[in-house]
Amino acid sequence: MCGIVGYIGSGNAEKIVIEGLKKLEYRGYDSSGIAMNFDGKLVVEKRKGRITNLEEALEKASYDFGNCHLAIGHTRWATHGAPSDVNAHPHFSMDHRIAIVHNGIVENYLEIKDRLIKEHGIKFVSETDSEVVAQLLSVYYKGDLEEAMFRAIAEMRGAYSICAIAADEPDRIVATRKDAPLLAGIGNGCNFLASDIPALLKHSREFYLIENGEVVVLTRNDIKIYNSEHQPVTRDVFHVSWDADSAEKEGYDHFMIKEIHEQPKGLTETLERRLGADGTVKLDGIHLTKEDIEGFDRVYIVACGTAYHAGLIGKYAIEKFAKIPVEVDVASEFRYRDPFVDSRTLFIAISQSGETLDTLAALREAKSKGARIMSVVNVVGSSVARESDDVFYTWAGPEIAVASTKAYTTQLMCMYLIALYMGRVKGVLEKAYHDRIVEELRAIPAKLEKLLEGEQVIKNLAKELYRIEHVFFIGRGTDSAVALEGSLKLKEISYINSFAIAAGELKHGTIALIEKDTLVVALSTQDRLFEKMLSNIQEVKARGAFVIGVAKEGNAAIEEQASRTIYIPECMDEVTPLLTVVPLQILAYYIAKERGCDIDKPKNLAKSVTVE
Ligand code: F6R
């Protein structure tokens with residue numbers, strides 16, 4: 001989704017802002033632009049398409065960049081108005097004295113636009129909601145951009161982060177946010193603004209996280225934050241421990257494959273930080289007492305996309321280990337269906353970015369009804385984390401590829417740990433069983449390393465299969481949830497039409513679509529359901545399907561049924577999802593690569609979905 005970068009200092013503002021925007025490309029965008037202040041004259045360049053188009057335009061225009069020390073930039077993911085040069089940000093006010101960049105949606109923009117046209121004769125040039133921000137600021141501007149910003153946001157509804165500059169104020173940037181991320185980076189003789197940390201990691205690892213309704217004013221040597229009553233606030237510095245290298249490809253062709261390979265490390269981090277010397281689970285950042293846990297009569301796990309798929313495994317784990325009924329819901333549905341939530345509800349939000357608007361809105365809905373809010377989040381200090389009672393971080397490190405991989409497996413690990421903890425504290429999980437599961441979880445990273453060493457087999461399979469157009473993923477038990485994730489991975493990066501279904505459901509309709517050479521990926525890792533899966537494989541084979549069986553080492557009987565087999569290392573049924581998903585991620589990656597797809601930036605997708 002949209003990205004923001006701002007810089008003020010003595011360096012080359014254009015270079016720093018463009019570099020920062022490139023670090024945000026992974027979020028998905030369709031146009032980009034920059035506004036610069038050259039000694040009291042604002043200049044805006046913006047182009048549809050990749051940032052290279054913008055760079056070419058800037059080069060052609062041959063500005064004196066050495067003379068520009070203040071700039072704001074933007075990558076846009078279209079919501080209101082098609083991707084085009086005109087709709088790209090920054091947007092000018094009619095008199096070209098104010099320029100803004102905006103993430104999010106101004107929900108009442110039509111109402112404001114109408115009034116600005118009628119009462120002030122303002123002429124709009126774009127189809128965007130964002131342009132109203134620039135025009136509204138100019139109506140209120142009387143030489144003080146900060147004051148104008150306070151007046152403008154008092155009128156706006158929706159979710160936004162906004163950075164604004166004025167021609168007459170070449171020494172400051174004014175920004176604000178509501179329900180969309182914004183942070184100020186602390187430099188030496190310079191300061192920065194961004195919607196995401198990776199944009200600024202090259203320059204700073206110290207940040208101020210801006211809160212809803214606050215206005216932040218940046219000068220070269222100072223960052224001032226004001227609350228909604230215009231009072232200055234003091235904010236603790238937020239220190240980021242990861243460095244710029246974690247956000248680089250380090251020799252891999254794509255972030256996605258790098259992140260697939262980082263899973264053993266991420267899982268070790270996520271697990272080992274939470275195990276006491278005696279091997280029992282400690283939940284840092286979570287303060288659930290025995291009374292709290294005994295008081296919950298239901299758990300809701302709410303998330304979107306891949307994080308929702310992790311929630312489905314969370315349901316198996318919590319119901320099995322902690323014996324509490326769990327409902328899993330997609331956030332965009334949960335919030336509109338008047339769910340039964342009260343103070344006996346534990347609400348768990350799962351989100352890599354911690355900024356997904358639907359998840360955030362569902363969390364607020366549950367909170368307003370009295371639920372206890374826990375979140376499983378990767379981005380430290382994100383909105384979901386800040387609005388939760390308890391946060392359990394995934395410690396996957398920055399995830400840059402749009403297709404989520406290491407966030408998913410670390411989310412799974414967190415769900416296992418939460419379930420084990422609740423089961424033990426509640427006294428419904430036997431110590432010996434708990435210890436066996438912990439042992440199994442501890443063995444996962446080494447097993448994953450082994451699985452990744454066998455990557456070539458899957459790469460060869462991808463070469464054989466990449467031309468297919470329809471794929472079905474089937475499985476039983478936890479495999480049916482992993483099937484959903486495998487299918488999503490494949491479709492989002494390779495654009496192949498893929499569909500996941502619980503294997504037992506096939507014969508209730510979907511089997512009608514199976515014909516000669518249809519590809520079926522049959523996840524058959526659950527020992528107790530293995531024979532049932534062999535029957536399902538036979539059913540689709542009988543209709544001509546080409547079947548890839550995925551099974552645990554030792555279950556060689558699958559080779560008699562499947563056309564090809566992928567093995568995962570031996571482990572207990574309870575923890576197989578942590579392994580089973582990885583060959584599916586690799587398969588999706590290499591199929592997309594063979595098809596020449598833009599893997600880290602799939603079409604129409606954004607890394608962090610901050611609109612409804
Ligand atoms: C798919 C993917 C998305 C996200 C979803 C939720 O690979 O990444 O489906 O899982 O948009 O995002 P977060 O986890 O940031 O809330």
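Conventions and cut-offs
- Residues numbered from 1 in each chain as written.
- Predicted model: local features only at pLDDT ≥ 70, side-chain atom pairs only at ≥ 80, totals over all residues.
- Heavy atoms only, no water.
- Phe/Tyr/Trp six-rings, centres within 6.5 Å; stacked < 30°, edge-to-face > 60°.
- Helix = DSSP H or I, 4+ residues; strand = E, 2+ residues; numbered from the N terminus.
- Buried < 20%, exposed > 50% of the residue type's maximum accessible area, 1.4 Å probe, protein only.
- 1 Å grid on protein atoms, 1.4 Å probe; cavity = no way out; pocket = protein on both sides within 12 Å on 5 of 7 lines; lining within 4 Å.
- Points joined across faces, edges and corners; volume = space filled by probe spheres on them.
- Domains from an automatic or database assignment.
- Core = buried A, V, L, I, M, F, W, Y, C linked by side-chain atoms within 4.5 Å.
- Contact = heavy atoms within 4.5 Å.
- Nonpolar A, V, L, I, M, F, W, Y, C, P; charged D, E, K, R; others polar.
- Pairing = 2+ DSSP bridges.
- Salt bridge = Lys/Arg side-chain N within 4 Å of Asp/Glu carboxyl O.

**Notes on the packing of aromatic side chains**
1) Next: The full count for this structure, using the stated rule, is nine aromatic pairs.
2) Next: With 5.6 Å between their ring centres and 25 degrees between their planes, Phe38 and Tyr63 make a pair best called stacked. With Phe38 in strand β2 (residues 31-38) and Tyr63 in the loop between α2 (51-61) and β4 (70-76), this pair connects stretches of sequence that are 25 residues apart.
3) Next: Assessed through its relative accessible area of 15%, Phe38 is described here as buried.
4) Next: Judged by its relative accessible area of 23%, Tyr63 falls in the partly exposed class.

**Comments concerning the layout of surface pockets**
1) Next: There is about 670 Å³ of room inside the second largest pocket.
2) Next: Along the wall of the second largest pocket there are 34 residues; nearest its centre are Cys304, Gly305, Thr306, Leu488 and Val609.
3) Next: At the level of secondary structure, the elements contributing two or more residues to the lining of the second largest pocket comprise α9 (305-321), β18 (345-351), α11 (357-368), α13 (406-426), α16 (478-494) and β22 (497-502).
4) Next: A per-element tally of the lining of the second largest pocket places α16 first, with six residues.
5) Next: Among the domains, domain 2 (250-450) and domain 3 (455-594) are the pair contributing at least three residues each to the lining of the second largest pocket.

**Concerning the nonpolar core**
Buried together is how nonpolar side chains tend to be arranged in soluble globular proteins.
1) Next: Membership of the largest hydrophobic core comes to 129 residues, with the highest contact counts inside it found for Met36, Ile301, Ile318, Ile348, Met422, Leu441 and Leu578.
2) Next: In this view, Leu578 contacts Leu267, Thr409, Leu412, Met413, Tyr416, Leu441, Ile444 and Leu448; residues no more than four positions away in its chain are not counted.

**Looking at empty space enclosed by the protein**
1) Next: In total, this model carries two cavities of 30 Å³ or more according to the counting rule given.
2) Next: Of the volumes computed, that of the second largest cavity is approximately 40 Å³.
3) Next: Residue lining of the second largest cavity: Ile468, Val471, Phe473, Gly486, Leu490, Leu519, Val521, Leu584, Leu587, Ala588 and Ile591, and that is the complete set.
4) Next: Per element, the largest residue contribution to the lining of the second largest cavity is four residues, and it comes from helix α19 (residues 577-594).
5) Next: In the lining of the second largest cavity, the residues fall into 10 nonpolar, one polar and no charged.

**Description of the pairing of β18**
Consecutive side chains along a regular strand alternate between the two faces of the sheet.
1) Next: In terms of burial, β18 is a largely internal element, seven of the seven residues being buried.
2) Next: Of the two faces of β18, the one lined by Thr345, Phe347, Ala349 and Ser351 and the one lined by Leu346, Ile348 and Ile350 are each fully buried.
3) Next: As judged from the six bridges shared by β18 and strand β19 (residues 372-377), these two strands associate in the parallel manner. By the bridge assignment for β19, Ile348 is matched with Met374.

**Some points on unusual backbone geometry**
1) Next: Omega for the peptide link from His89 to Pro90 comes to 0 degrees, which places this bond in the cis form.
2) Next: Along the chain, Pro90 turns up in the loop between β4 and β5 (91-92).
3) Next: For His96, which is not a glycine, the phi torsion comes out positive at approximately 60 degrees.
4) Next: Looking at His96, the relative accessible area reads 44%, which means it is partly exposed.
5) Next: For Lys323, which is not glycine, the phi dihedral falls at a positive 55 degrees.
6) Next: With respect to the secondary-structure elements, Lys323 resides in the loop between α9 and β17 (326-330).
7) Next: Judged by relative accessible area, Lys323 falls into the partly exposed class, the value being 48%.

**A closer look at the side chain of Asn555**
1) Next: Checked against the element boundaries, Asn555 lands in the loop between β24 (546-552) and α18 (558-561).
2) Next: For Asn555, a relative accessible area of 18% gives the class buried.
3) Next: If we ignore the near neighbours within four places in the chain, the residues touching Asn555 are Asp527, Phe530 and Tyr567.

**What to know about the pattern of salt bridges**
1) Next: Counted according to the given criterion, the structure contains 45 salt bridges.
2) Next: Among the salt bridges present, the one from Asp342 reaches Arg298, with a minimum N-O distance of 3.9 Å. Separated by 44 residues along the polypeptide, Asp342 in the loop between α10 (331-334) and β18 and Arg298 in strand β16 (residues 298-303) bring together distant segments of the chain.
3) Next: With a relative accessible area of 25%, Asp342 lands in the partly exposed category.
4) Next: By relative accessible area, which is 17% here, Arg298 ends up buried.
5) Next: A salt bridge links Asp358 to Arg335; the nearest nitrogen and oxygen atoms lie 3.7 Å apart. Linking Asp358 in helix α11 with Arg335 in the loop between α10 and β18, this pair joins segments that are 23 residues apart in sequence. Each member of the pair Asp358 and Arg335 is classed as buried.

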